[in-house]
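Chain and residue survey
One-letter residues, chain by chain:
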Amino acid sequence: MQRYHPLLVALHWLMALMILVALAAGGLVLANMPPDSPDKVSGLGGHMIFGMAIGVLLILRLVTRTRSVHPPHAETGHALLDRIGRWTHWGFYALIAGMVLTGLATALGAGLFPIVYGGAAETLPPELAAMPTRVVHGLIATLLLALIALHFLAALYHQIVLKDGLLRRMWFGKRSA
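Residues numbered from 1 in each chain as written. Predicted model: local features only at pLDDT ≥ 70, side-chain atom pairs only at ≥ 80, totals over all residues. Heavy atoms only, no water.

Here we look at the overall build of the chain
Along the backbone of the chain there are six helices and zero strands. Helices and strands appear in the chain in the N-to-C order α-α-α-α-α-α. A principal-axis box enclosing the C-alpha atoms of the chain has dimensions of 60 × 30 × 20 Å. With 177 residues in all, the chain has 34% of them scored as buried. (Helix = DSSP H or I, 4+ residues; strand = E, 2+ residues; numbered from the N terminus. Buried < 20%, exposed > 50% of the residue type's maximum accessible area, 1.4 Å probe, protein only.)

Below is the structure:
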């Protein structure tokens, strides 16, 4: 087996794009808006929908991954780098699940669903940024960004230094030689 299942490939790239958009929207846009901004309520609505969709896609990805045949883990020739590669992939699953769960916990704890989707109030609670679940959500976002950077650098290392064609594994095409 030389390539991942086509559904895993599609989910990989779709989730990568959605996660980058959600991180940018949350960290660059929403975090800098005042709680009484009407744009924040609508922006938060989109952010929450994206987060829930990412959670559903993560479950679909995990189910597909456990039920499909996939290529063996990529080797670099360095035991430590190979171990980091394995842990990085599981770290993605854990951090993405953590983001979804802390986002959901924050939304439920702050009563955001009626505000954002039901028009129950005109402004968000001012203490939202200080909620423990929101603080953890931000911390996980930082860790996720660091892991994304590491993953990107590792892909470049495989492509440019090792020249092992690793990126082909996570693209569409014939799965076996």
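Some thoughts on a nonpolar patch on the surface
On the surface, a nonpolar cluster with roughly 500 Å² of combined accessible area is contributed by F152, L153, L156, I160 and V161. Mapping V161 onto the fold places it in helix α5 (residues 132-162). (Patch = residues over 30% accessible without salt bridge, like charges linked within 9 Å, V, L, I, M, F, W, Y side chains within 5 Å. Areas by Shrake-Rupley, 256 points an atom, 1.4 Å probe, with all protein chains shown as cover. Salt bridge = Lys/Arg side-chain N within 4 Å of Asp/Glu carboxyl O.)

Some details on the environment of I59
Mapping I59 onto the fold places it in helix α2 (residues 38-67). Along the sequence, I59 and R134 sit 75 residues apart, while their C-alpha atoms lie 22 Å from each other.

As for α5
In this model, α5 (31 residues) spans 43 Å end to end at C-alpha, consistent with the 45 Å of a helix rising 1.5 Å per residue. Among the structural elements, α1 (6-29), α2, α3 (79-109) and α6 (166-169) are those in contact with the buried residues of α5. K163 occupies a position one or two residues after α5 and carries a positive phi of about 50°. (Expected span 1.5 Å × (residues − 1). Contact = heavy atoms within 4.5 Å.)

Things to note about the confidence of the model for the chain
Of all residues in the chain, 97% attain a pLDDT of 70 or more, and the chain-wide mean is 91. Looking across the chain, the model is least confident in α6, with a mean pLDDT of 86, and most confident in α1, with 96. (pLDDT = per-residue confidence, 0-100.)

Let's talk about the nonpolar core
M15, I19, L23, I54, I96, M99 and L144 are the most contacted members of the largest nonpolar core, which totals 18 residues. Taken together, the elements giving at least two residues each to this core come down to α1, α2, α3 and α5. For this core, the element with the most residues is α1, which contributes six residues. Not counting the four nearest positions on each side in its chain, I54 is found in contact with M15, M18, I19, A22, I96 and V100. Judged by nonpolar contacts, the second largest core, of 12 residues, contains A110, L112, I115 and M131. (Core = buried A, V, L, I, M, F, W, Y, C linked by side-chain atoms within 4.5 Å.)

Section: the side chain of T102
With respect to the element layout, T102 can be found in helix α3. Within the local environment of T102, its side chain forms a polar contact with the backbone oxygen of M99, the two atoms lying 3.3 Å apart. (Polar contact = N/O pair within 3.5 Å; in protein donor to acceptor, adjacent residues only side chain to side chain.)

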